[in-house]
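If you want the building blocks of each chain, they are given just below.
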Amino acid sequence: MAEFSINKGIGRTVEYKGLKAQYLFIFAGGLIVDFIVFVIMYMCGVPQWFCIGFGGGCAAILVWLTFHLNTKYGQYGLMKLTAVKYHPRYIINRLRLNRLIKHKK
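Criteria and cut-off values
Residues numbered from 1 in each chain as written. Predicted model: local features only at pLDDT ≥ 70, side-chain atom pairs only at ≥ 80, totals over all residues. Heavy atoms only, no water. Helix = DSSP H or I, 4+ residues; strand = E, 2+ residues; numbered from the N terminus. Buried < 20%, exposed > 50% of the residue type's maximum accessible area, 1.4 Å probe, protein only. Contact = heavy atoms within 4.5 Å. Areas by Shrake-Rupley, 256 points an atom, 1.4 Å probe, with all protein chains shown as cover. Patch = residues over 30% accessible without salt bridge, like charges linked within 9 Å, V, L, I, M, F, W, Y side chains within 5 Å. Salt bridge = Lys/Arg side-chain N within 4 Å of Asp/Glu carboxyl O.

Visitor: Before we move on, can you summarise the overall build of the chain with the specific residues and values?
Guide: Each helix and strand counted, the chain has four helices and two strands in total. The order of helices and strands in the chain, counted from the N terminus, is β-β-α-α-α-α. Counting every position in the chain, which comprises 105 residues, the buried fraction comes to 15%. In the chain, the share of contacts with a sequence separation of at least 24, taken over all contacts with a separation of at least 6, comes to 58%. Total accessible area computed for the chain in this model is approximately 9300 Å², and 66% of it derives from carbon and sulfur atoms.

Visitor: Residue-level account of a nonpolar patch on the surface, with values.
Guide: A surface patch of nonpolar side chains, about 410 Å² in accessible area, is lined by Ile32, Phe35, Ile36 and Ile40. Mapped onto the elements of the fold, isoleucine 36 is located in helix α1 (residues 22–43).

Here it is in structure tokens:
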């Protein structure tokens, strides 16, 4: 039986086969959701080969997408992308110019 090391040290992020941090959780959660959708489709009477094709196709796209995002954005890339949405595009200052320059005594 093969043994895989998941954590490579104290204070380092979780890594498995090159996937780091949040990408590993996206990958695992996506595979679980794919499996659940596969089971629901099969139980509803969808043809078996369509279910297998759909599940395999979704899993292949998920694997490619997570590894692509991991190489493109890195360990903290998705968190940086979501943080950019909360930054203001521009700052509006509605004070008059003389109030900005006036010195307080």
